[in-house]
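Working through the structure, step by step
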Amino acid sequence: MLRRKVLILIRIAWLYSGMAFRIAIDLGIHLPSDKLRGYVRSLTAEDIEIRKRLFWGCYTWDKAMSLYLGRMPAFIPPVESNPPEFSKFDTLPSLERNN
């Protein structure tokens, strides 16, 4: 009974993560920053950095889940167009640790 519940939860996790990855692609998080600025001029450097981190978070999560479950990856955008180079936004209030 427990095994069946776990399998159902794994299927649900795979389903929802695939939906989230498709939404992320629809939002254009896989686009490189120079191409993205051509579409939307109101994005700040912080917005672009957050989009990069979201992209690589989705990419990593999908690779880990697909390896664990033995399934094909669902998140397959062109990785070459968005290299993993991150800025240091150490002064952002949301990234600071509360002591």
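See the structure above.
Below or above, wherever it landed, is the structure these notes cover. (Residues numbered from 1 in each chain as written. Predicted model: local features only at pLDDT ≥ 70, side-chain atom pairs only at ≥ 80, totals over all residues. Heavy atoms only, no water.)

1. Some words on the overall build of the protein chain
Under the convention used in this document: By definition, any uninterrupted DSSP run of H or I lasting at least four residues is a helix, any uninterrupted run of E lasting at least two residues is a strand, and each is numbered from the N terminus. We call a residue buried when its accessible area falls under 20% of the maximum for its residue type, exposed when it is over 50%, and partly exposed in between, using a 1.4 Å probe and counting protein chains only. Contact criterion: two residues are considered in contact whenever any of their non-hydrogen atoms come within 4.5 Å of each other. Reported accessibility uses the Shrake-Rupley method at a 1.4 Å probe radius. Residues are deemed covered only where the shown protein chains occlude them.
Assigned secondary structure in the protein chain consists of three helices and zero strands. Counting from the amino terminus, the protein chain carries its helices and strands in the arrangement α-α-α. A burial count over the protein chain gives 26% of its 99 residues as buried. Considering only contacts within the protein chain whose residues lie at least 6 apart along the sequence, 66% involve residues at least 24 apart. Only carbon and sulfur atoms are counted for the fraction: they give 60% of the accessible area of the protein chain, which is about 7800 Å².

2. Focus: the packing of aromatic side chains
The criterion, for reference: Any pair of Phe, Tyr and Trp rings, taking the six-membered ring for Trp, is counted once the centres come within 6.5 Å. Such a pair is stacked with planes under 30 degrees apart, edge-to-face with planes over 60 apart, and tilted for the rest.
This structure, assessed with the given rule, holds three aromatic pairs. Where Phe-55 meets Trp-56, the ring centres are 4.8 Å apart and the plane angle is 90 degrees; that geometry is what we call edge-to-face. For the pair Phe-55 and Trp-56, one class covers both residues: buried. Ring centres 5.1 Å apart and planes at 75 degrees place the aromatic pair Trp-56 and Tyr-59 in the edge-to-face group. Here Trp-56 and its partner Tyr-59 are both found in helix H3 (residues 45-69), three residues apart, which amounts to about one turn of the helix. Among the aromatic residues, those joined into a cluster by ring pairs are Phe-55, Trp-56 and Tyr-59.

3. A look at a nonpolar patch on the surface
Here is the rule: Two joining distances apply to patches: 9 Å for like charges and 5 Å for nonpolar side chains (Val, Leu, Ile, Met, Phe, Trp, Tyr), and every residue must have over 30% relative accessible area and no salt bridge. Salt-bridge detection follows one rule: a side-chain nitrogen of Lys or Arg within 4 Å of a carboxyl oxygen of Asp or Glu.
Together, Ile-8, Leu-9, Ile-12, Leu-15, Tyr-16 and Met-19 give the surface a local cluster of nonpolar side chains, amounting to about 570 Å² of exposed area. Examined against the element boundaries, Tyr-16 turns out to sit in helix H1 (residues 2-27). Overall, the relative accessible area of 52% leaves Tyr-16 in the exposed class.

4. Some remarks on the environment of Lys-63
Mapped onto the fold, Lys-63 is located in helix H3. Assessed through its relative accessible area of 27%, Lys-63 is described here as partly exposed. In sequence terms Lys-63 and Ala-74 are eleven residues apart; their C-alpha atoms lie 8.6 Å from each other.

5. Some points on H3
Heads up, the rule is: In this scheme, a helix's expected span is set at 1.5 Å multiplied by one less than its residue total.
The terminal C-alpha atoms of H3, which comprises 25 residues, lie 36 Å apart, in line with the 36 Å expected from a rise of 1.5 Å per residue. Of the positions making up H3, those classed as buried are Ile-48, Glu-49, Arg-51, Lys-52, Phe-55, Trp-56, Cys-58, Asp-62, Met-65 and Ser-66. On its buried side, H3 packs onto H1 and helix H2 (33-39). Positioned one or two residues after H3, Gly-70 has a phi angle of 75 degrees, which is positive.

On their own, these measurements won't tell you what the molecule is for.
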